[in-house]
Amino acid sequence: MTVHELKGKFNYCMHGLGAFAGVRQTNTKEAFLRWYKKGVKVFEFDIGKTDDSKYVAVAHTVDEKSMRRMEVFEKPDIYAYDWFMKQTLFSLSTKGLTPISLQNIVDMLSDYKDAVFMLDLFGMFAKEQILKFLEALTFCIGEKKELHERLLIEAYTTETVALISKSGYKGIYCARYEYNTGENDVESVISFLKENDIFFISYPFMYTEMFPGEIEKYSKSGMTVFSRTKYNNKNKKLIESGVSVNIVSYVFEKKVCVFQYMRYMLACTRRLLAKIYVIIKKKKRGNYGSC
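Asker: Explain the overall build of the chain residue by residue, including any values.
Answerer: Helices and strands together make up the secondary structure of the chain, namely 10 helices and 9 strands. Counting over 291 residues, the chain shows a buried share of 52%. Taking contacts inside the chain between residues at least 6 apart in sequence as the whole, the part at least 24 apart equals 61%. Surface exposure of the chain reaches about 14,200 Å², of which carbon and sulfur atoms provide 54%.

Here it is as structure tokens:
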């Protein structure tokens, strides 16, 4: 599969590689393998940067707050790449999950030849940040230029997504997100994107109520539309809106959805208990200096 084959079909894309044991957006190898084995072929990775300027899969930063979310409590002098890659993630909510580097992502894309990857660069809003990331990605890809056809890079401004396209990669523009809820001239945006050879849009479905008809304009213009929901329970509405790829955390199978939902909720309960433990641990550290 290539990115060009997504239009006109209905696919699932796992958000942050999908939920694993009740934890969403783990961006870990175990989550990828779980959903790939279930037949999903499209995956979204959140990309963050370590203190020594190397890229890893994480939502969305490598710092104390994000590491606490991932149930890692050690506080190193710097949040370096080598340190991050040695960590066991989500060890309270799961048996422990494996982190992923940018090089790992490229290697996985090379190994799983029927998969399409989308790299989310949320937080990298400046052109300089995008250029540095593209430099690192190009180094990892090396001579495997064929991988470009199965790789989408998501950016959050028209200027940065155009920069991605001019660099020889396939850009996907996030048309709506929490920092972009003002009025947009959709026709002008579409014209700009097409002029820069960009034909992929990311559009969280929650904004369709605030901006009715907008997602349909992108779809009817020929754009391949990705749209994020929590679960796969809005398929009919998504298809009617022209969505080709539904970004989700969990895909429930119709015949066993009740059983799967109950099992998922049990896993979420364990995750909730882990979160409570993290909060208590943080408070103790604040009161006594360490724990």
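Back to the text.
Asker: Give me the lowdown on helix α1 (residues 29-37), citing residues and values where you can.
Answerer: Taken residue by residue, α1 has Ala31, Phe32, Trp35 and Tyr36 as its buried positions. Along α1, the residues classed as buried sweep out an arc of 125° about the axis, all on the same side. On its buried face, α1 is in contact with β1 (11-14), β2 (42-49), α4 (102-111) and β4 (116-120). The first or second residue beyond α1 is glycine 39, which carries a positive phi of 105°.

Asker: For the pairing of strand β6 (residues 170-174), give the residues involved together with the corresponding values.
Answerer: Burial analysis of β6 places 5 of its 5 residues in the buried class, the great majority of the element. Here β6 shows two buried faces, one formed by Lys170, Ile172 and Cys174 and the other by Gly171 and Tyr173. Where strand β5 (residues 151-155) and β6 come together, 4 bridges link them in parallel fashion. Bridged to glutamate 154 within β6 is isoleucine 172. Each parallel crossover has a hand, and the one from β5 via helix α6 (residues 158-166) to β6 is right-handed. As paired elements, β6 and strand β7 (residues 200-202) share 2 bridges and run parallel to each other. In the sheet register, cysteine 174 faces β7, and the bridge partner there is serine 202. As for the winding sense of the linkage, the β-α-β connection from β6 through helix α7 (residues 186-195) to β7 is right-handed.

Asker: Can you explain the environment of threonine 61? Please cite residues and give values.
Answerer: Structurally, threonine 61 is set in the loop between β3 (55-57) and α2 (64-69). Between the C-alpha atoms of threonine 61 and aspartate 46, which are 15 residues apart in sequence, the distance is 9.3 Å. Within the local environment of threonine 61, its side chain forms a polar contact with the side chain of aspartate 63, the two groups lying 3.0 Å apart. At 2.8 Å, the side chain of threonine 61 and the side chain of serine 66 are in polar contact.

Asker: Give me a nonpolar patch on the surface: which residues, what numbers.
Answerer: Nonpolar side chains collect at one region of the surface, where Leu272, Leu273, Ile276 and Ile280 lie side by side and expose about 370 Å² of accessible area between them. Topologically, isoleucine 276 is positioned in helix α10 (residues 257-288).

Asker: Explain the nonpolar core residue by residue, including any values.
Answerer: If you look at the biggest cluster of nonpolar residues, it comprises 62 residues, and the most contacted ones within it are Phe43, Phe45, Phe117, Phe133, Leu137 and Tyr218. In terms of residue count, helix α5 (residues 127-141) provides more of this core than any other element does, 6 residues in total. Among all residues touching leucine 137, those that are not within four sequence positions of it are Leu102, Val106, Leu119, Leu151, Ile153 and Tyr169. Among the nonpolar cores identified, the runner-up in size contains 14 residues, and Met70, Val72, Phe90 and Leu97 belong to it.

Asker: Give me the lowdown on the environment of alanine 59, citing residues and values where you can.
Answerer: Here alanine 59 lies in the loop between β3 and α2. On the basis of relative accessibility, which here comes to 16%, the residue alanine 59 falls in the buried class. In this structure alanine 59 touches Gln25, Asn27, Asp46, Ser66 and Arg69, once residues within four positions along its chain are discounted.

Asker: Please set out unusual backbone geometry residue by residue, giving values where relevant.
Answerer: Cis peptide bonds are those with omega within 30 degrees of zero, and the linkage from alanine 59 to histidine 60 qualifies with -5°. Considering the arrangement of structural elements, one finds histidine 60 in the loop between β3 and α2. Positive phi, normally seen in glycine, also occurs at alanine 21, with a value near 55°. Here alanine 21 lies in the loop between β1 and α1. Exposure remark for alanine 21: the relative accessible area of 27% places this residue in the partly exposed category. Phi angles above zero are rare outside glycine, and serine 53 is one such case at about 65°. Positionally, serine 53 belongs in the loop between β2 and β3.

What counts, and where the lines are drawn
Residues numbered from 1 in each chain as written. Predicted model: local features only at pLDDT ≥ 70, side-chain atom pairs only at ≥ 80, totals over all residues. Heavy atoms only, no water. Helix = DSSP H or I, 4+ residues; strand = E, 2+ residues; numbered from the N terminus. Buried < 20%, exposed > 50% of the residue type's maximum accessible area, 1.4 Å probe, protein only. Contact = heavy atoms within 4.5 Å. Areas by Shrake-Rupley, 256 points an atom, 1.4 Å probe, with all protein chains shown as cover. Arc of directions from axis to C-beta. Pairing = 2+ DSSP bridges. Right-handed = clockwise from strand over helix to strand, strands pointing away. Polar contact = N/O pair within 3.5 Å; in protein donor to acceptor, adjacent residues only side chain to side chain. Patch = residues over 30% accessible without salt bridge, like charges linked within 9 Å, V, L, I, M, F, W, Y side chains within 5 Å. Salt bridge = Lys/Arg side-chain N within 4 Å of Asp/Glu carboxyl O. Core = buried A, V, L, I, M, F, W, Y, C linked by side-chain atoms within 4.5 Å.

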